[in-house]
Amino acid sequence: MQERALVRQIIECLKIESEQRNYAEIDPAVLRDFMQLGKKEPAKSANSIGNQAPVRNSVAPAPSPAMAANPSKEVNIVKADTENVPQDKLDVCRMPYEELEKKAAVCTRCRLHKSRTNPVFADGSRKAELMFIGEGPGRDEDAQGIPFVGRAGQLLTKMIEAMQFDRKEVYIANIVKCRPPENRAPMDDEAEQCLPYLLRQIELVQPKIIVLLGAVPLKYILGLAGITKIRGNWKEFKGIKVMPTLHPAYLLRNEAAKKDAWKDLQMVMSVFGKKYRKNS
Ligand code: URA
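Residue positions are given per chain, counted from 1 along the sequence in the order it is written. Local features are withheld for residues below a pLDDT of 70 in this predicted model, meaning they are given only at 70 or higher, and side-chain atom pairs are given and counted only at 80 or more; totals for whole chains, interfaces and linings count all residues. Each side-chain value is derived from all of the structure's non-hydrogen atoms; neither hydrogens nor water enter the calculation.

## Details of the overall build of the protein
Secondary structure elements are defined from DSSP: runs of H or I of at least 4 residues count as helices, runs of E of at least 2 residues count as strands, and each element is numbered from the N terminus. Within the protein, the secondary structure is distributed over 12 helices and 6 strands. Classification of the 280 residues of the protein by burial places 51% in the buried group. The contacts of the protein with a sequence gap of at least 6 include a subset with a gap of at least 24, amounting to 78%. Per-residue and other accessible areas follow the Shrake-Rupley method at a 1.4 Å probe size, with only the shown protein chains counted as cover for residues. Split by element, the accessible area of the protein, about 13200 Å² in all, is 49% carbon and sulfur. Burial status follows relative accessibility: with a 1.4 Å probe on protein chains alone, a residue under 20% of its type maximum counts as buried, one over 50% as exposed, and anything between as partly exposed. We call two residues in contact when some of their heavy atoms are within 4.5 Å.

## Re the site of the ligand
The environment of the ligand is made up of 9 residues, and the closest members are Glu 135, Gly 136, Phe 148, Asn 174 and His 247. Each polar contact in these results corresponds to two N or O atoms within 3.5 Å; when the atoms are within protein, one needs to be able to donate a hydrogen and the other to accept it, and residues that are neighboring in sequence are counted only if both atoms are side-chain atoms. Within the backbone of Gly 136, a nitrogen or oxygen atom sits 3.0 Å from a nitrogen atom of the ligand. At 2.8 Å, a side-chain N or O of Asn 174 approaches a nitrogen atom of the ligand. Computed on the free molecule, the ligand has an accessible area of 240 Å², of which 94% lies beneath the protein chains in the complex. Only Asp, Glu, Lys and Arg are considered charged, only Ala, Val, Leu, Ile, Met, Phe, Trp, Tyr, Cys and Pro nonpolar, and every remaining residue, Gly among them, polar. Across the shell around the ligand, the residue classes break down as 2 nonpolar, 4 polar and 3 charged. Being near a molecule or strand, for a residue, comes down to having at least one heavy atom within 4 Å of it.

## Focus on the packing of helix H5 (residues 97-105) against helix H8 (residues 188-205)
At their nearest, the axes of H5 and H8 sit 11 Å apart, and the two run at 160° to each other. In terms of orientation, H5 and H8 fall into the roughly antiparallel class. For the element pair H5 and H8, the recorded crossing hand is left-handed. Along the contact surface, H5 presents Tyr 97, Leu 100, Lys 103 and Ala 104, while H8 presents Tyr 197, Arg 200, Gln 201 and Leu 204. Partitioning the contact of H5 with H8 into residue classes produces 5 nonpolar, 1 polar and 2 charged. Here, axes are lines fitted to C-alpha atoms. For helices the fit covers the stretch in contact, and angles between N-to-C directions go from 0 to 180 degrees. For classification purposes, an angle smaller than 35 degrees is called roughly parallel, one larger than 145 roughly antiparallel, one from 65 to 115 roughly perpendicular, and anything else oblique. When the near helix sits turned anticlockwise from the far one by under a right angle, the crossing is termed left-handed; a clockwise turn instead gives a right-handed crossing.

## Considerations on the environment of Pro 248
If you trace the backbone, Pro 248 turns up in helix H11 (residues 248-253). Accessibility expressed as a relative area gives 0% for Pro 248, which makes it buried. Measuring from C-alpha to C-alpha, the distance between Pro 248 and Ala 261 comes to 8.9 Å, with 13 residues separating the pair along the chain. Once residues within four sequence positions are removed from consideration, Pro 248 is found in contact with Phe 148, Ala 152, Leu 155, Leu 156, Met 159 and Leu 213.

## Notes on the packing of H8 against helix H9 (residues 215-222)
Interaxial distance between H8 and H9 falls to 11 Å at its minimum, and their mutual angle equals 70°. In terms of orientation, H8 lies roughly perpendicular with respect to H9. Across from Asp 188, Ala 191, Leu 195 and Leu 198 in H8, the residues of H9 making contact are Lys 219, Tyr 220 and Ile 221. Of the residues contributing to the contact of H8 with H9, the split by class is 5 nonpolar, no polar and 2 charged.

## Remarks on the packing of aromatic side chains
Centre distance and the angle of the planes are the two values used to describe a pair of aromatic rings. We call Phe, Tyr and Trp rings a pair once their centres come within 6.5 Å, taking the six-membered ring for Trp, and we label the pair stacked below 30 degrees between planes, edge-to-face above 60, and tilted otherwise. Applying the stated rule across the entire model yields 3 aromatic pairs. With 5.5 Å between their ring centres and 85° between their planes, Tyr 97 and Phe 121 make a pair best called edge-to-face. Residue Tyr 97 is located in helix H5, and its partner Phe 121 is located in the loop between H5 and strand S1 (123-124); the two are separated by 24 residues in the primary sequence. Looking at Phe 121, the relative accessible area reads 6%, which means it is buried.

## A word on the nonpolar core
Nonpolar core, defined: a set of buried Ala, Val, Leu, Ile, Met, Phe, Trp, Tyr and Cys residues in which side-chain atoms within 4.5 Å join the residues together. With 71 residues, the main nonpolar core has Leu 130, Phe 132 and Ile 175 as its most contacted residues. Sorting elements by how many residues they give to this core places H8 first, with 8 residues. What Ile 175 contacts, discounting residues up to four positions off in sequence, is Ile 133, Gly 134, Glu 135, Ala 191, Cys 194, Leu 195, Leu 198, Val 216, Pro 217, Tyr 220 and Ile 221.

## Focus: the environment of Pro 181
With respect to the secondary-structure elements, Pro 181 resides in the loop between strand S3 (171-174) and H8. In this structure Pro 181 comes out as partly exposed when scored by relative accessible area, which is 34%. Along the chain, Pro 181 and Pro 137 lie 44 residues apart, while their C-alpha atoms are 9.9 Å from each other. For Pro 181, the residues in contact, after removing those within four places along its chain, are Leu 112 and Ser 115.

Set out below in C-alpha cells:
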C-alpha cells in the first residue's frame, strides 16, 4: 500500500507542465549536417569511429512469436512498472541520483556485468526537459563509459543539434547499462534487471518529453513492437509525453529514413516552441 502511495506521488511529480514559448529559429546548416552525416564512409583513424564495431539491428530485435504475428499490438513483455518492482529493488526506486549511479557502477544483477569494461549510466543534464533512451552501450560506449559516443552517437548528437538543443542540456540513457556481447540486443531478463535504474533516472530527471530510439526502448518502456509503424505517434509513459523514433544506427544504414526521423523530431521540437524555418 505504501509502495502504491509512493508510485502515485512519483506520477504526480512527473506530470508535465504545458508552458508556451516563442518559436526559435533553426540553422539550416545544422540540419544539413544531420542529413549528410553517415553518407560517406568516415576516414579510418585510430579513434572510435574507425574502430566502430558493426552496429546492431536496432529496428528489429528478435521479435517474439506474439510480436511477429501482430507487429504493432501491445505484447506481453517486460514493461517498466514501478508498482510491480520486487522488494529487493525498491531501494533503487528511492535512491538519490549519486547513490543510484554508484550502485549501477558496481551492479552484478545480470550476466552483462561480467563482460563490461565500464557501466554506462547516462550523459547530459539532470535537469533536462528532453530525454533520449537508446538500447545499450556498444564498444565505444563500453570503453568510455558514456552513452552514444560511437558513430551512431555522433549522428544522435547531430540530431540533437538539428533540434536546436545542445547535447549537454538533454539527458541520454539506455535500456541496459552494460554492453551486450557482440552488440546483440539486450535479453528480456537483462532489461528487466536493469530497468529499475532507468525508471529512477526518469523519476529524478522528470523530463518533459522522452524520445525512444528504436525498437528496444519501445519494447521495454511501452511494451510495444513495430517501431516503423509506431514512430511519429505520441505515446505516454507515467504522465510523460513519449515520441518513438528510429535509432540513429538504423539511420546510418538507411539514409532515406532520416526524413521520417526528422519529422518525428520536429514534433518534439514544436512542444518546446522550436520550429525549423527553411528560409532562416
Ligand atoms: N546505441 C545505443 O542504443 N546506445 C548507445 O549508447 C550507443 C549505441
